[in-house]
Structure formats: C-alpha cells, structure tokens
Amino acid sequence: MDVLALLAALSTVGFEQFVQWRYGPTGVVGLLLLTVGIKTKSPTCSSIGAVVLALVMTGPAI
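Thresholds applied
Residues numbered from 1 in each chain as written. Predicted model: local features only at pLDDT ≥ 70, side-chain atom pairs only at ≥ 80, totals over all residues. Heavy atoms only, no water. Helix = DSSP H or I, 4+ residues; strand = E, 2+ residues; numbered from the N terminus. Contact = heavy atoms within 4.5 Å. Phe/Tyr/Trp six-rings, centres within 6.5 Å; stacked < 30°, edge-to-face > 60°. Buried < 20%, exposed > 50% of the residue type's maximum accessible area, 1.4 Å probe, protein only. Patch = residues over 30% accessible without salt bridge, like charges linked within 9 Å, V, L, I, M, F, W, Y side chains within 5 Å. Areas by Shrake-Rupley, 256 points an atom, 1.4 Å probe, with all protein chains shown as cover. Salt bridge = Lys/Arg side-chain N within 4 Å of Asp/Glu carboxyl O. Axes fitted to C-alpha atoms, helices over the stretch in contact; angles between N-to-C directions. Parallel < 35°, antiparallel > 145°, perpendicular 65-115°, else oblique. Left-handed = near helix turned anticlockwise from the far one by under 90°. Nonpolar A, V, L, I, M, F, W, Y, C, P; charged D, E, K, R; others polar.

As for the environment of Y23
Looking at the element boundaries, Y23 is found in helix α1 (residues 2-39). As a C-alpha pair, Y23 and G49 span 26 residues in sequence and 14 Å in three-dimensional space. Contacts of Y23, omitting those with residues within four sequence positions, involve V56 and M57.

Put into structure tokens, the structure is as follows:
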C-alpha cells in the first residue's frame, strides 16, 4: 500500500513539474484550480481552471 502511495505522489509531482516547465506559473494555477474544483465538487472553480489551462495551451492562437 505504501508503494502505491509513493508512486502516486511521485507521478503527481512529476506532472506538476512538467506543467510548470511547459506552461509556466499560469499553467500551475490552472491545474491547481481544476484539481481543487474537482475535489470540492465546485463546478465554478473547475471551470475556471479548465479555461485557464485551455488559454495557456492555445497560447498565441487567440
């Protein structure tokens, strides 16, 4: 059970580092809002996080 928790924590930290490296602090904020919104079952918070991530990923296209 501890190995599974360790792997989950490492994959989460690795994914957050990748998002920060690729999309910067704005991407991390969007990911944080999306995660908090899903965990608290807040559609407003998760929608704002999804929109922030979408805007960061599309970048100069908009």
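Next comes the rest of the write-up.
Points about the packing of aromatic side chains
Using the criterion set out here, one finds one aromatic pair in the structure. Between the aromatic rings of F18 and W21, the centroid separation amounts to 5.9 Å while the plane-to-plane angle is 45°, which identifies the pairing as tilted. Note that F18 and W21 are positioned in helix α1 at a spacing of three residues, about one turn of the helix. You can call W21 exposed: its relative accessible area is 68%.

With respect to a nonpolar patch on the surface
Together, V3, L6, L7 and L10 make up a nonpolar patch on the protein surface, roughly 410 Å² of accessible area in all. Within the secondary structure, L6 is located in helix α1.

Some details on unusual backbone geometry
Residues other than glycine seldom take positive phi values, yet K41 does so here, at roughly 60°. As for its position among the elements, K41 is in the loop between α1 and α2 (43-58). Residue K41 is classed as exposed on the basis of its relative accessible area of 71%.

A closer look at the packing of α1 against α2
Relative to each other, α1 and α2 sit at 155°, their axes nearing to 7 Å. Overall, the two elements α1 and α2 adopt an arrangement that is roughly antiparallel. The hand of the α1/α2 crossing is left-handed. Contacts between α1 and α2 involve Y23, T26, G27, G30, L31, L33, L34, V36, G37 and I38 from the former and C45, S46, I48, G49, A50, V52, L53, V56 and M57 from the latter. In terms of residue class, the contact of α1 with α2 is made up of 13 nonpolar, six polar and no charged.

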